Amino acid sequence: MPEQSANAVAPERSRLVVLAGPTAVGKGTVAACVRDQHPDIWISVSVTTRPARPGEIDGLHYHFISDEDFDRLIAEDGLLEWAVVHSAARYGTPRAAVEQQLAAGRPALLEIDLQGARQVRERMPEALMCFLAPPTWQELERRLVGRGTEGPEERERRLVTARTELAAESEFDVTIVNTDVETACQELVDLFRSGTSRIHS
Ligand code: 5GP
């Protein structure tokens, strides 16, 4: 197959869906549901400079890398997008892996933050941008506290970020409300099957 630039819209390439949304809305849980129930959908493993949490596995949840290695990836254009998230660590999507999967005809899912989603939209306008929304703001707050993985300061910082992120919904092609994980997961999977590249709900 001839080489294609990242911006080429080629019908034979399978769909790329970008899942973004406010912190603690459940992006990771919905993506995990897709991973479990739909192994035909490839899910990108991001690189990050944050340390692994207990139970996280290098290469499965993230590639945990040093600042120097992250710098190197940026310098060699190895990242499709990257961002500093929650003013803390850097996260990025390895570019080659995504392009390989799409070229091989495999549907691909990125679960990333809003800043990253905007970069993907610029570089790959054919990607379908999906916003995962909480049923209500109160529910989002409850989920953030309930998760219990962050201290009070970090939680407050993430809530500030979440308010800005919620306001970005209109930039997306489609919104899925995460009232329950199974339904949200199914709605996300349906996006890969629908014929059009842009869907407005
Ligand atoms: P956590 O540290 O809780 O795993 O993730 C924090 C945030 O980073 C989440 O909102 C997640 O979507 C985002 N994130 C994870 N991987 C990437 C990535 O590759 N790029 C960007 N821009 N954000 C990411």
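Residues numbered from 1 in each chain as written. Predicted model: local features only at pLDDT ≥ 70, side-chain atom pairs only at ≥ 80, totals over all residues. Heavy atoms only, no water.

Right, let's get into the sheet that holds strand β3 (residues 47-48). Strand pairing in a sheet relies on backbone hydrogen bonds. The paired strands run either parallel or antiparallel. Taken in spatial order, the four strands line up as β4-β3-β6-β5 in an open sheet, and their pairing is mixed. Every other strand in the sheet has two partners, leaving β4 (63-64) and β5 (79-85) as the edge strands with one partner each. (Pairing = 2+ DSSP bridges. Helix = DSSP H or I, 4+ residues; strand = E, 2+ residues; numbered from the N terminus.)

In the region of the ligand, 16 residues are neighbours, and S46, Y62, E81, Y91 and D113 sit closest. The side chain of Y62 places a nitrogen or oxygen atom 2.5 Å from an oxygen atom of the ligand. A distance of 3.1 Å separates an oxygen atom of the ligand from a polar atom in the backbone of G92. Here the ligand loses 93% of its free accessible area of 520 Å² to cover by the protein chains. (Near = heavy atom within 4 Å. Polar contact = N/O pair within 3.5 Å; in protein donor to acceptor, adjacent residues only side chain to side chain. Areas by Shrake-Rupley, 256 points an atom, 1.4 Å probe, with all protein chains shown as cover.)

To continue, consider the sheet that holds strand β8 (residues 128-133). Strand order in the open sheet made by the five strands is β2-β7-β1-β8-β9, with parallel pairing throughout. Two strands in the sheet have a free side with no partner beyond their single neighbour: β2 (42-43) and β9 (174-177). Pairing of strand β1 (residues 16-20) with β8 involves four bridges; the strand directions are parallel. What sits directly across from L19, in β8, is C130. Sheet strands in contact with helix α7 (residues 181-193) are β1, β7 (108-111), β8 and β9, and its direction is about 155 degrees off that of β9. (Contact = heavy atoms within 4.5 Å. Axes fitted to C-alpha atoms, helices over the stretch in contact; angles between N-to-C directions.)

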